[in-house]
Amino acid sequence: MERVAVLDFETTGLSPGMGDRPTEVAIALVEQGRIVERFQSLMNPGRPIPAFVTQLTGISNAMVAAAPPVAEVMREAARFVGALPVVAHNASFDRKFWVAELQRLSLPAEASFACTMLLSRRLYPDCASHKLGALIQTLGLPQTGRAHRAMVDTEMAAHLWCRIRDDVARRWRLPAVSHALLARAQATPKGKLERFFAEQQACEA
DNA sequence: TGCCAGGCCCTCTTTAGGGCCTT
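Residues numbered from 1 in each chain as written. Chains lettered and ligands numbered in written order. Predicted model: local features only at pLDDT ≥ 70, side-chain atom pairs only at ≥ 80, totals over all residues. Heavy atoms only, no water.

1. Things to note about the protein's contact with DNA strand B
Taken together, 26 residues are adjacent to DNA strand B, and Glu10, Arg122, His130, Leu132 and Lys190 come closest. Among the atoms of DNA strand B close to the protein, meaning within 4 Å, 65% are from sugar or phosphate groups. At 2.8 Å, a side-chain N or O of glutamate 10 approaches a sugar or linking oxygen of DNA strand B. At a separation of 3.4 Å, a base oxygen of DNA strand B approaches a polar side-chain atom of arginine 121. (Near = heavy atom within 4 Å. Polar contact = N/O pair within 3.5 Å; in protein donor to acceptor, adjacent residues only side chain to side chain.)

2. Focus: the sheet that holds strand 3 (residues 34–42)
Overall, mixed pairing links the 5 strands, which are arranged 3-2-1-4-5 in an open sheet. Because the sheet does not close on itself, it has two edges, and the strands there are strand 3 and strand 5 (113–115). Strand-to-strand twist across the sheet, computed as the mean angle between neighbouring axes with direction ignored, equals 25 degrees. As paired strands, strand 4 (residues 86–88) and strand 5 are joined by 3 bridges and run parallel to one another. Pairing of alanine 88 across the sheet is with cysteine 115, part of strand 5. Together, strand 1 (3–11), strand 2 (22–31), strand 3 and strand 4 form the strand contacts of helix 3 (residues 70–81), whose direction differs from that of strand 3 by roughly 170 degrees. (Pairing = 2+ DSSP bridges. Helix = DSSP H or I, 4+ residues; strand = E, 2+ residues; numbered from the N terminus. Axes fitted to C-alpha atoms, helices over the stretch in contact; angles between N-to-C directions. Contact = heavy atoms within 4.5 Å.)

3. Considering the side chain of glutamate 101
With respect to the element layout, glutamate 101 can be found in helix 4 (residues 91–104). Apart from the residues within four sequence positions on either side, glutamate 101 is in contact with Arg21, Pro22, Val70 and Met74.

4. Comments concerning the packing of helix 3 against helix 4
Two numbers describe how helix 3 lies on helix 4: the axes approach to 10 Å, and their chain directions differ by 110 degrees. The pairing of helix 3 with helix 4 is recorded here as roughly perpendicular in orientation. Along this stretch, helix 3 crosses helix 4, giving a crossing that reads as left-handed. Counted together, Val70, Met74, Ala77, Ala78 and Val81 of helix 3 and Trp98, Glu101 and Leu102 of helix 4 form the full contact between these two elements. The class makeup of the residues in the contact of helix 3 with helix 4 is 7 nonpolar, no polar and 1 charged. (Parallel < 35°, antiparallel > 145°, perpendicular 65-115°, else oblique. Left-handed = near helix turned anticlockwise from the far one by under 90°. Nonpolar A, V, L, I, M, F, W, Y, C, P; charged D, E, K, R; others polar.)

5. Quick notes on the UniProt feature "domain: Exonuclease" (unreviewed entry) in chain A
In the numbering used here, UniProt assigns the "domain: Exonuclease" (unreviewed entry) feature to residues 3–170. Helix makes up 44% of residues 3–170 and strand 20%, with an end-to-end C-alpha separation of 20 Å. (UniProt positions renumbered as here; feature names shortened; annotations may be inferred.)

6. Description of the environment of phenylalanine 113
Positionally, phenylalanine 113 belongs in strand 5. The exposure class of phenylalanine 113 is buried, given its relative accessible area of 10%. Separated by 63 residues in the primary sequence, phenylalanine 113 and proline 50 place their C-alpha atoms 28 Å from one another. If near-sequence neighbours (up to four positions away) are discounted, phenylalanine 113 is found in contact with Val86, Ala91, Asp94, Arg95, Trp98, His179 and Gln186. (Buried < 20%, exposed > 50% of the residue type's maximum accessible area, 1.4 Å probe, protein only.)

7. Details of unusual backbone geometry
Although it is not a glycine, asparagine 90 sits at a positive phi angle of roughly 60 degrees. Residue placement: asparagine 90 occurs in the loop between strand 4 and helix 4. In the Ramachandran plot, serine 106 falls in the positive-phi region, its phi being about 55 degrees despite a non-glycine side chain. Topologically, serine 106 is positioned in the loop between helix 4 and strand 5.

8. Digging into the pairing of strand 2
Of all the 10 residues making up strand 2, 9 are buried; the element is thus mostly covered by neighbouring parts of the structure. Across 9 bridges, strand 1 lies against strand 2 in antiparallel orientation. Each bridged residue has a counterpart across the sheet, and for alanine 5 the counterpart in strand 2 is leucine 29. Where strand 2 and strand 3 come together, 8 bridges link them in antiparallel fashion. Directly across from glutamate 24, in strand 3, lies its bridge partner leucine 42. Between the end of strand 2 and the start of strand 3, which pair antiparallel, lie 2 residues, with glutamine 32 showing a positive phi angle near 50 degrees.

Below, the structure written as structure tokens:
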């Protein structure tokens, strides 16, 4: 059974290109529909956290002051993920921080990212909101704690990922729904999803 | 000086604009 790494960053802002850095990362390794290993750490971003971000995440300058530097935590995070495919909610956001930080360390950042937000927009178009917390509530998945802390959001994204895999497997009667398949599905034009999985079903038959 | 993300997706679109989503 395939193992994937679900991850979430808390950061000082929205853009590494504008100098923003991570303040916390959480990673959950998911296999056979359950979390089998976890990694979580605060980190010192070396720049101030804006007050409104502290209000959003609960992560303060005082909390990260005693934390290890970003470089140290990201080396550990990269080791923990290894060559696994990655999953995140709005993965383009987490991916740009992942790539920016690993490039700073001259480490390879070639992981394939699947996005639970893009997949949810295709699979659950009737949901009023595709924010992580809203999807968890709408789909009746477990709420694991205070949103906008890395491990809580990671665990919610992990539950959502498992739900998406199950729903795709059931709806299109596919015996195996891989990360690679869903990474292709998330890039399929929204109106073409039925056809994409129907073709996949025909290949499996 | 003042401003500053960026990718996806929809529509009153495609020679564009604006909402969603992440911190």
